[in-house]
Amino acid sequence: MAGGGSLHPRRMNLRSFLHGRIEAAFEAAGVAGAEPMIGVATRPEFGDYQANGAMAAARTARTQPRKLAEGVVEALGDVDFAETLAVAGPGFVNITLSPAFVSAHLANVEIEPTLHPERIVVDYSAPNLAKEMHVGHLRTTIGDAMARILEALGHHVIRQNHVGDWGTQFGMLVAHLEDVQEAAPELKDLEVFYAQARRRFDSDNDFADRARRTVVALQRGDERVRAYWRRFIDISLAHCRSVYEILDITLGDEDLDAESRYNDDLPNVIADLESAGLVTVDDGAKCVFLDELETPLIVQKRDGGYLYATTDLASVRYRSEHYRADRILYFVDSRQSLHFRQLFAVARKAGFARETCKLEHHPFGAILGRDNRPFKTRSGDVVKLADLLDEAVRRARALVTERNPELDSEEADRIARVVGIGAVKYTDVSKHRASDYVFDWDAMLNFDGNTALYLQYAYARIRSLFRRGGIDPRCLTDAPAISNDTERRLGVSLLRFQETLEQAASEALPHYLTGYLHGLAGDFTRFYETCPVLNAPAPVRDHRLKLCALTGETLRKGLGLLGIGTVERM
RNA sequence: GCGCCCGUAGCUCAGUUGGAUAGAGCGUUGGCCUCCGAAGCCAAAGGCCACAGGUUCGAAUCCUGUCGGGCGCGCCA
């Protein structure tokens with residue numbers, strides 16, 4: 001029997017635990033193999049969890065759902081995990097966990113690693129090195145959160161930053177760099193540099209020709225051209241590094257999987273597709289037509305040049321073969337959905353991805369301005385991510401000093417960074433990733449509701465409590481006894497951390513975690529409003545302190561998995 | 001034209017294999033600081049879940065159609 005009610009010192013997935021127990025009870029009640037359908041209770045008065053499986057199971061077993069639900073409750077008998085098991089409505093089984101059970105499982109907050117660790121490639125961020133990172137790259141946060149979550153659950157995560165450092169536009173940039181090298185300071189603004197090169201490319205035929213020859217030279221490995229290209233890439237990468245550092249993104253140089261890396265492999269990709277009989281030449285271009293796809297995937301241009309798709313195919317193969325990935329997760333803009341469907345289909349057909357290697361595109365939506373159009377500055381330029389982050393910190397700084405004028409300047413700076421960056425990242429990751437959202441400073445830095453600040457504030461209050469009491473939370477080793485319903489609810493909330501992480505991981509939806517943390521912080525503040533901690537009598541005081549410590553730890557860890565920091569005071 | 005995604009409170013959004021009276025936050029209205037941080041808590045008001053059919057014990061969720069929106073659709077990435 002799963003779990004068996006035995007006391008386990010680590011985090012548990014409550015949902016899985018209940019699933020096992022109720023499934024067994026269905027069998028004991030005469031319906032084997034029934035799906036128990038465990039979910040969090042839809043209303044507080046229904047308890048903590050509910051099992052909705054009786055209705056469906058009753059049909060196949062040709063019995064009455066309510067009777068079956070009663071049979072399940074009877075089969076469970078006197079269980080240690082529940083205080084009450086109640087049959088309600090047409091056949092719901094409402095489960096209220098017992099204080100003793102909740103208490104016993106709150107001994108610590110270690111995340112339970114998976115029993116089936118996988119090798120998971122997570123592909124995210126992928127800026128175009130020809131330009132500066134813009135507001136859209138804020139969504140790097142999503143992939144980064146998922147990489148952290150999967151890693152925390154014990155998977156072997158291989159981060160891959162598929163930066164765009166190859167192709168036509170680099171011929172243009174390198175040619176321009178050759179000309180203006182004396183004025184290289186212009187490179188301080190990649191955006192300006194790109195615009196200058198572009199203007200020349202569009203208006204000057206000689207330059208355009210030279211740019212095209214430069215691409216060919218680059219791909220051929222011409223040393224002089226390569227040196228210029230390298231110089232440009234280094235400058236651009238330095239810019240990315242600084243943005244990642246400000247944003248606290250866990251991508252480093254070791255995670256780079258640049259397009260240029262596959263340059264030499266592209267002819268092999270074409271040759272292998274051809275020998276697999278997948279290539280059709282159409283209008284001079286090499287295409288792969290598949291029955292399941294309405295449009296072909298072009299893998300080589302009429303002029304012999306390779307495409308994004310070709311590089312991606314090479315990359316899939318590398319990840320499958322070299323990294324032996326069980327799963328490859330792409331956190332990429334939803335506008336590329338069709339591209340990925342084609343890519344995956346062709347990669348499968350060509351045998352570039354092993355049978356056991358799952359390919360998954362997890363799309364995200366766009367960041368819009370208040371006019372519901374792509375977010376731009378007033379002058380119509382793209383918003384640079386670095387500028388946006390500066391502004392977030394500046395606004396947070398003003399807010400922090402206003403609320404708390406006695407903070408010294410250095411601490412206020414530090415808090416402003418954590419709060420400002422946290423607010424922006426939390427906004428990005430707290431919505432369903434597939435939907436577009438409107439970037440709105442007011443909503444974001446209002447710092448109310450489901451925001452990072454609400455969680456950071458709850459955390460700071462907890463830390464303040466321990467400071468004030470002169471207590472080290474690490475000294476509280478005993479599981480907290482639960483003495484009232486508010487405490488029990490907070491306890492259950494704490495126990496749900498594990499199942500939340502597993503759900504976020506299995507669906508690649510980090511907003512499950514923000515929703516959970518917001519609920520946890522709410523349960524905590526309600527507890528904190530009604531239950532005195534430091535002023536409570538001796539045994540209760542320690543138990544409540546332990547609940548505070550566990551909440552603080554879970555908030556810190558949870559925010560940490562989103563790449564968001566906490567502060568001791570704010 | 002075809003394909004994908006979407007349409008939920010005035011606004012921004014949740015709604016986890018179909019489950020009970022559809023939930024938060026903002027905003028609005030009204031309460032709560034001689035007590036651990038009021039960046040907080042409590043309460044009220046606010047919904048034909050775009051529309052119309054269908055599937056079934058049960059639909060915001062699944063299917064079909066209509067309307068409205070976003071995005072994509074062979075030599076960019």
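Keep in mind it's a predicted model, so treat the numbers as computed, not measured.

1. Quick look at the overall build of chain A
A count of helices and strands for chain A gives 20 helices and 13 strands. Overall, chain A is about 85 × 65 × 40 Å in size when its C-alpha atoms are taken along their principal axes. Per-residue burial for chain A yields a buried fraction of 52% across its 570 residues. Sequence-distant contacts, at least 24 apart, represent 73% of the contacts inside chain A between residues at least 6 apart. By element, 49% of the accessible surface of chain A is carried by carbon and sulfur atoms, the whole surface being about 25500 Å².

2. Remarks on the protein's contact with RNA strand B
What surrounds RNA strand B is a group of 62 residues, the closest being F92, N94, I298, K301 and Y454. At the protein interface, 59% of the atoms of RNA strand B within 4 Å belong to sugar or phosphate. Separating a phosphate oxygen of RNA strand B from a side-chain N or O atom of Y454 is a distance of 2.5 Å. In this structure, a base oxygen belonging to RNA strand B sits 2.8 Å away from a main-chain N or O atom of L534.

3. Some words on the packing of helix α1 (residues 14-28) against helix α3 (residues 65-76)
Packed helices, taken two at a time, are described by the angle between their axes plus the distance between the axes. Where α1 meets α3, the closest approach of the two axes is 8 Å, and the angle between their N-to-C directions is 110 degrees. On the basis of their axis angle, the class for α1 and α3 is roughly perpendicular. On the side of α1, the interface is formed by R21, I22, A25, F26 and A28, while α3 contributes L68, V72, A75 and L76. In terms of residue class, the contact of α1 with α3 is built from eight nonpolar, no polar and one charged.

4. A closer look at the sheet that holds strand β6 (residues 156-160)
With parallel pairing, the four strands of this open sheet are ordered in space as β6-β5-β10-β11. Among the strands making up the open sheet, the edge pair consists of β6 and β11 (358-361). The sheet shows a mean angle of 20 degrees between the axes of neighbouring strands, taken without regard to direction. Bridging between strand β10 (residues 327-330) and β11 involves four bridges; their strand directions are parallel.

5. What to know about the domain arrangement of chain A
Think of interface size as the accessible area that goes away when the parts come together; that is how it is often given. Each domain of chain A was delimited in the assignment, giving domain 1 (14-97), domain 2 (164-253) and domain 3 (385-561). Averaged C-alpha coordinates put domain 2 and domain 3 at centres separated by 42 Å. Counting the contacts that link domain 2 with domain 3 gives zero salt bridges. At the junction of domain 2 with domain 3, the criterion picks out two residue pairs in polar contact (both at pLDDT 80 or more). Residue classes in the side of domain 2 that touches domain 3 are distributed as four nonpolar, no polar and one charged.

6. A short note on the pairing of strand β3 (residues 82-88)
With six bridges joining them, β3 and strand β4 (residues 92-97) adopt antiparallel strand pairing. What sits directly across from T84, in β4, is T96. If you look at the hairpin formed by β3 and β4, you'll find three residues sitting between the two strands, and G89 has a positive phi there, around 55 degrees.

7. Considering helix α9 (residues 223-247)
Along its 25 residues, α9 runs 35 Å from first to last C-alpha, staying within 8% of the 36 Å computed at 1.5 Å per residue. If you check which residues of α9 are buried, you get V225, Y228, W229, F232, I233, S236, L237, H239, C240, V243, Y244 and L247. On its buried face, α9 is in contact with α5 (140-152), α6 (168-180), α7 (190-203), α8 (205-220), α13 (385-403) and α14 (409-429). The opening residue of α9 is D222, an N-cap whose side-chain oxygen sits 3.0 Å from the backbone nitrogen of R224. In the stretch just after α9, D248 is the one whose phi turns positive, near 55 degrees.

8. Section: the nonpolar core
Of all hydrophobic cores here, the largest spans 145 residues; its most connected members are F81, I95 and L388. Looking at this core element by element, the count peaks at 10 residues for α9. Of all hydrophobic cores here, the second largest spans 33 residues; its members include L273, L297, A309 and Y323.

9. Comments concerning the side chain of E360
If you trace the backbone, E360 turns up in strand β11. Here the side chain of E360 touches R327 through a polar contact of 2.8 Å, side chain to side chain. Once residues lying within four places of it in the same chain are set aside, the contact partners of E360 are R327, I328, L329, Y330 and F344.

10. Considerations on α14
Here α14 is 21 residues long and its end C-alpha atoms lie 30 Å apart, about the 30 Å a rise of 1.5 Å per residue gives. Burial runs high along α14: 15 of the 21 residues are buried. Two to three positions downstream of the cap, the backbone nitrogen of E410 sits 3.1 Å from a side-chain oxygen, assigning the N-cap of α14 to D408.

11. Thoughts on the sheet that holds strand β7 (residues 279-282)
Taken together, three strands build an open sheet; the order of strands is β7-β8-β9 and the sheet is antiparallel. The sheet is open, and its two edges are formed by β7 and β9 (297-300), each paired on a single side. The mean angle between the axes of side-by-side strands here comes to 45 degrees, regardless of whether they run parallel or antiparallel. Judged from the three bridges that link them, strand β8 (residues 285-288) and β9 form a sheet pairing that is antiparallel. Each bridged residue has a counterpart across the sheet, and for K286 the counterpart in β9 is Q300.

Reading the values: rules and limits
Numbers given for residues are sequential positions, taken from 1 along each chain in its written order. Each chain gets a letter, beginning with A, and each ligand a number, beginning with 1, in the order they are written. Only residues with pLDDT of at least 70 get local features here, since the model is predicted, and only at 80 or more are side-chain atom pairs given and counted; chain-wide, interface and lining totals rely on the full set of residues. As a rule here, side-chain values cover all heavy atoms of the structure and leave hydrogens and water aside. Comment: elements are numbered from the N terminus, with helices defined as DSSP H or I runs of at least four residues and strands as E runs of at least two. The buried label goes to any residue with under 20% of its type's maximum accessible area, the exposed label to any with over 50%, and the partly exposed label to all in between, with areas taken from a 1.4 Å probe on protein chains only. Note on definitions: a residue-residue contact is assigned when non-hydrogen atoms from the two residues lie within 4.5 Å. Each accessible area is a Shrake-Rupley result for a 1.4 Å probe, and residues are judged covered by the shown protein chains and nothing else. In this text, near means that some heavy atom of the residue lies within 4 Å of the molecule or strand in question. Nitrogen and oxygen atoms within 3.5 Å of one another constitute a polar contact, given that in protein one can donate a hydrogen and the other can accept it, and given that sequence-neighbouring residues count only through two side-chain atoms. Orientation is described by lines fitted to C-alpha atoms, with helices fitted over the stretch in contact, and by angles between N-to-C directions that extend from 0 to 180 degrees. Should an angle fall under 35 degrees it is taken as roughly parallel, and over 145 as roughly antiparallel, whereas 65 to 115 is taken as roughly perpendicular and any remaining angle as oblique. In this classification, Asp, Glu, Lys and Arg are treated as charged, Ala, Val, Leu, Ile, Met, Phe, Trp, Tyr, Cys and Pro as nonpolar, and every other residue, Gly included, as polar. For two strands to be treated as a pair, DSSP must find no fewer than two bridges joining them. Residue ranges for the domains trace back to a domain assignment, done automatically or taken from a database. We define a salt bridge as a contact between a side-chain nitrogen of Lys or Arg and a carboxyl oxygen of Asp or Glu at a distance within 4 Å. Each residue after the first adds 1.5 Å to the expected span of a helix. Buried Ala, Val, Leu, Ile, Met, Phe, Trp, Tyr and Cys residues that are joined via side-chain atoms within 4.5 Å together make up what is termed a nonpolar core.

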